[in-house]
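Below are the chains, spelled out letter by letter.
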Amino acid sequence: MIRLTRNQLRSIDRLAIKRYHILGEVLMENASRAIADVSCEMLGGQCTGEILIVCGGGNNGGDGLAAARHLHNRGADVRILLTSDPGKYTSEAQINWQIVSAMNLLVFPADDINFQKSKPRLILDAIFGTGLSQAPREPFPKTVAAMHALSVPILAVDIPSGMDCDSGKPLGGVCVKATRTVTFVSQKIGFAAPEAREYLGQITVGDIGCPRELIVEAARGIS
């Protein structure tokens, strides 16, 4: 099994664009379809009812935004909670924010009182991705506590938010406890750590279209 570090994953992203001419928008779109597929699978094949998607301000949040529109199109009642100012989105995440806005999907700040009153069938954790390397600041711990308090299955997007990609440990002691994790390109090296097990749940590797040769190359440290 291939497991990659944060730097190897960054190398893959860079070379996918530079060498293989695969746009970042294409990679995010493929990731979002993988998220939607696993979400519907977790719902027993019926993409109905409320799905709560908690999005951060980076590309992990962009993945969540893109997945939101696919899940909406499949029949789900999508509610998006933002943990940061959407005006800070850039690149692919910004594009998907514009699409979500044009579709008039329901969007709320993560500290909205309705968060506590939500009755979703599934929560998508798209707050932080593999780039997180230091303890998240408030209100992240409160947001995670509110997610757990809803007592419904959680699907982590790429990595449970709060987990260090390379060590598998919670940064700052707080991490989303996922029922399932849909990760991209390959498993992360930190997933092998004993500390990571209670947060990852079942792991699925989603294919986002990166050439197999590039993944093998990165794993061998040739970049």
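These lines cover the structure that appears in this document, whether it is placed above or below. (Residues numbered from 1 in each chain as written. Predicted model: local features only at pLDDT ≥ 70, side-chain atom pairs only at ≥ 80, totals over all residues. Heavy atoms only, no water.)

## Describing the sheet that holds strand β6 (residues 154–157)
Alright, step 1. Taken in spatial order, the 7 strands line up as β4-β3-β2-β5-β6-β7-β9 in an open sheet, and their pairing is parallel. The open sheet has two free edges, formed respectively by β4 (106–109) and β9 (202–206), since each of these has just one partner strand. Direction aside, neighbouring strands of the sheet carry axes that sit 20° apart on average.
Alright, step 2. Here strand β2 (residues 50–55) pairs with strand β5 (residues 122–126) via 5 bridges, running parallel. Looking at β5, one finds that Val54 is bridged to Asp125. (Pairing = 2+ DSSP bridges. Helix = DSSP H or I, 4+ residues; strand = E, 2+ residues; numbered from the N terminus. Axes fitted to C-alpha atoms, helices over the stretch in contact; angles between N-to-C directions.)

## A short note on the environment of Ile123
Alright, step 1. Of note, Ile123 is situated in strand β5.
Alright, step 2. Linking Ile123 and Ser84, residues 39 residues apart in sequence, is a C-alpha distance of 18 Å.
Alright, step 3. Once you skip the residues sitting within four places of it in the chain, Ile123 turns out to touch Leu52, Val54, Met147, Leu150, Val152, Pro153, Ile154 and Leu155. (Contact = heavy atoms within 4.5 Å.)

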